[in-house]
Amino acid sequence: MSRSDRGGHPPAAIPPDILLFWTFGPYSGDLTVQESNEIMARATRELVGELVRNALELAQADGALPPIPPIELRIERPKEREHGDYSCNVALRLASAVRMPPMGVASAIAQRILRTEPIAEVDVAPPGFINLTLDPEWQRGQLLAVIEAGDEWGRTEVGAGQRVQVEFVSANPTGPLQVGNGRGAVLGDALASVLDAAGFEVEREYYINDAGAQIRLFGRTLFARYQQQFGREVPLPDGGYQGAYMIDLAARLKDETGERWLESSDDPPADLTERGLELMVEQIREDLAMLRVEFNHWQRESALFEAANGASTYDVAMNRLRDGSFVIEKEGAVWFRAEDLGEDKDNVLIRSSGEPTYFASDVAYHYDKFLRRGFDTVIDVWGADHQGHVARTRAAVSAVGGDGDALEVLLYQLVHLRRGEERVRMSKRTGEIVTLRELVEEVGADAARFFMLQRSADAQMDFDLEAAASADPRQNPASYVKYAHARCASVMRTASDAGLTASSDHLDLLAADQESVLIAEILRLPELVEDMALKREPHHLTYYAQSLAQAFTQFYDTCRIVVPEEPQRSAARLTLTLAAQAALAAALRMLGVDAPDEM
RNA sequence: GCCCCCGUAGCUCAGGGGAUAGAGCACCGGCCUCCGGAGCCGGGAGCGUAGGUUCGAAUCCUACCGGGGGUACCA
């Protein structure tokens with residue numbers, strides 16, 4: 001059983017999603033292009049919120065509204081285009097407190113919102129919304145910043161100065177990765193990318209459970225298979241690993257080292273286990289590389305037990321628990337007093353056999369993460385079947401001196417495979433196992449990643465191999481998005497052949513509906529990145545990518561880009577094409593999906 | 001029993017206090033003298049049930065029904 005089979009739920013302690021707190025003074029003066037680009041990096045939404053905030057304060061200052069305590073402003077994206085680019089419901093929420101009709105509150109605020117960049121229009125709409133429309137010229141000007149950012153477009157600074165560790169997959173090295181591990185891999189990797197884009201300092205980590213009973217069993221199974229390689233009739237140990245991969249592993253050891261362990265009286269020989277583990281980890285690393293998932297750090301569980309300067313991490317952590325009176329001995333075992341911390345029951349740390357449990361290692365591991373390595377936030381990505389471990393692990397973090405709330409556990413639900421109508425069994429028993437490698441070989445890394453990320457972690461997932469692998473790319477949204485990117489590149493090639501180049505001289509010619517929609521879609525990436533990062537929900541990327549690709553395709557379909565007779569309009573549309581390509585590339589990069597120039 | 005996740009269109013799923021609930025697939029009907037038709041445009045159909053909170057509920061709360069997971073001196 002692996003940690004990635006674990007589950008859980010996005011933490012309670014997530015920062016507020018899009019609550020905006022204003023720490024800077026009133027906006028004033030004109031913007032140069034460069035300054036406005038910097039503001040873009042902070043997300044347009046924030047600037048809009050600041051203008052609304054100022055208006056709200058002004059309304060109170062001049063008596064149009066009675067004094068009210070500070071309130072959180074929420075700036076939203078209305079669904080309907082007619083409602084502008086942003087909307088704010090603050091008047092509705094304030095109405096009863098100030099004993100005024102919502103529409104009155106709304107106009108009092110709206111009248112005082114500065115019509116300055118980036119805002120062009122402010123409207124009040126029943127029942128009391130303030131709708132804000134961005135200045136189209138300002139928006140078009142932002143395209144240059146997008147092009148300059150390239151596939152780095154969308155980066156923001158909300159996470160600046162915070163170190164986050166994302167620990168994911170962490171499957172036991174006793175067998176190959178399975179499809180469920182793939183979901184954790186893609187989820188963790190994309191989340192890390194999104195956090196990185198949001199300005200966090202991110203580390204991707206894989207925890208190798210290379211200690212404990214399951215490793216001994218792995219070694220004994222491997223030793224039996226190894227002996228069988230020489231024609232000996234040695235039975236597998238009780239509960240041993242049945243998979244054929246153990247036979248392959250044994251054959252490889254035989255090729256590598258011949259009879260070296262054949263007459264060993266150890267069961268298993270320590271270095272046989274060690275070599276077997278190395279090979280398994282190597283295979284896991286390869287499987288993940290096929291999915292384009294790479295880690296900054298591979299942490300071995302066994303290292304927690306190695307003494308450095310006298311005491312191991314494990315010893316230090318256990319001593320901390322003892323010093324804090326968080327342990328109790330009963331029934332011959334050592335327990336973590338979780339009941340005292342509000343849990344249902346205590347948890348065994350050290351078995352009556354004297355052997356530490358997995359939970360004890362985990363306590364030491366999280367002590368290491370927080371107290372030794374000093375991460376501000378640790379996000380563990382676990383499969384839903386480990387949901388029961390969340391509370392006690394948090395409690396343990398607090399008990400060893402960390403902040404339990406800084407440990408977030410992102411739980412993802414199970415994956416069911418099917419081919420069209422046919423359910424594909426994902427048995428943990430012998431034989432029928434569908435490995436991650438098989439999945440990637442069948443559908444490719446791009447489709448595997450895109451499909452895995454199309455669902456929120458909370459939702460169980462049906463993964464349709466037929467659709468993901470379909471020769472008909474219409475079944476495959478990943479291809480649709482990649483195609484849009486390739487088409488951008490293709491248009492640029494065509495333009496180049498016609499002697500046309502992009503230019504920002506006449507961006508005012510970009511006024512068609514499809515052009516406005518595409519511009520808005522491109523420009524909303526930074527705030528999407530913030531939302532995804534703060535809510536730990538990378539799956540929105542797939543929807544954004546599709547919506548952006550669709551906006552580009554509609555633009556392409558309606559507005560002819562390369563028209564030699566109209567060089568100015570062409571130049572403007574080529575600028576838009578380049579910006580769309582950059583935004584597509586940025587989304588695909590965070591998704592970990594290829595952004596090809598041709599397909 | 002208790003704990004966690006999920007019930008939204010025929011299917012797979014977004015949306016998770018706000019204005020007329022969306023996408024893809026499937027189905028039906030249109031669109032190629034033109035930059036890649038791997039495309040575009042149009043059409044029908046839906047928030048498990050019952051209460052509650054709220055100016056406003058698919059969204060929050062309670063109960064119930066249904067599906068999945070957990071509840072070890074396993075990991």
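Residues numbered from 1 in each chain as written. Chains lettered and ligands numbered in written order. Predicted model: local features only at pLDDT ≥ 70, side-chain atom pairs only at ≥ 80, totals over all residues. Heavy atoms only, no water.

With that out of the way, let us pick up the domain arrangement of chain A. When cut into domains, chain A gives domain 1 (31–134), domain 2 (213–290) and domain 3 (474–591). Taking only C-alpha atoms, the centre of domain 2 and the centre of domain 3 are 52 Å apart. (Domains from an automatic or database assignment.)

Judged by pairing direction, the sheet is parallel, and its 5 strands sit side by side in the order E8-E7-E6-E14-E15 without closing on themselves. Taken across any chain shown, the strands that pair with only one partner, and hence form the sheet edges, are strand E8 (297–300) and strand E15 (407–412). Between one strand axis and the next, the sheet turns through 25° on average, direction left out of account. Alignment of strand E7 (residues 201–208) against E8, held across 4 bridges, turns out to be parallel. Counterpart to Ile208 in the pairing with E8 is Arg300. Of the strands in this sheet, strand E6 (163–167), E7, strand E14 (377–383) and E15 touch helix H6 (residues 179–197), which is tilted by about 135° from E15. The strands that helix H9 (residues 270–290) touches are E7 and E8; relative to E8, the one it contacts most, it runs at about 150°. (Pairing = 2+ DSSP bridges. Helix = DSSP H or I, 4+ residues; strand = E, 2+ residues; numbered from the N terminus. Axes fitted to C-alpha atoms, helices over the stretch in contact; angles between N-to-C directions. Contact = heavy atoms within 4.5 Å.)

Let us now look at the protein's contact with RNA strand B. Lining the immediate surroundings of RNA strand B are 61 residues, of which Glu331, Arg351, His389, Tyr556 and Arg560 lie closest. Within the backbone of Tyr358, one N or O atom sits 3.3 Å away from a phosphate oxygen of RNA strand B. Here Arg455 contributes a side-chain N or O atom positioned 2.7 Å from a sugar or linking oxygen of RNA strand B. If you tally residues by element for the surface near RNA strand B, the top one is helix H18 (residues 540–558), at 7 residues. (Near = heavy atom within 4 Å. Polar contact = N/O pair within 3.5 Å; in protein donor to acceptor, adjacent residues only side chain to side chain.)

For helix H13 (residues 436–452), which comprises 17 residues, the first-to-last C-alpha distance of 12 Å sits more than 12% below the rise-based estimate of 24 Å (1.5 Å per residue). At Gly444, H13 shows its maximal kink, close to 105°. Burial of H13 is extensive: 12 of the 17 residues sit out of reach of the surface. Turning to H13, its buried residues number three or more, namely Leu436, Leu439, Val440, Val443, Ala445, Asp446, Ala447, Ala448, Arg449, Phe450, Phe451 and Met452. (Expected span 1.5 Å × (residues − 1). Bend = angle between axes of the 7 residues up to and from the residue. Buried < 20%, exposed > 50% of the residue type's maximum accessible area, 1.4 Å probe, protein only.)

This part covers the packing of aromatic side chains. Applying the stated criterion across every chain, the model contains 14 aromatic pairs. Taking the centre distance of 4.5 Å and the plane angle of 20° together, the rings of Tyr206 and Trp298 count as stacked. Here Trp298 lies in strand E8 and Tyr206 lies in strand E7, a separation of 92 residues in the sequence. Trp298 gets classed as buried once you look at its relative accessible area, which sits at 17%. Ring geometry for Tyr207 versus Tyr365: centroids 3.9 Å apart, planes at 10°, classification stacked. In this pair, Tyr207 is assigned in strand E7 and Tyr365 in helix H11 (residues 358–372), connecting sequence segments 158 residues apart. Comparing Tyr207 with Tyr365, the two get one shared label, buried. Taken together, the ring pairs connect Phe168, Tyr206, Phe295 and Trp298 into an aromatic cluster. The ring of Phe375 carries the charged tip of Arg163 above its face, separated from the ring centre by 4.4 Å. (Phe/Tyr/Trp six-rings, centres within 6.5 Å; stacked < 30°, edge-to-face > 60°. Lys NZ or Arg CZ within 6 Å of the ring centre and 35° of its normal.)

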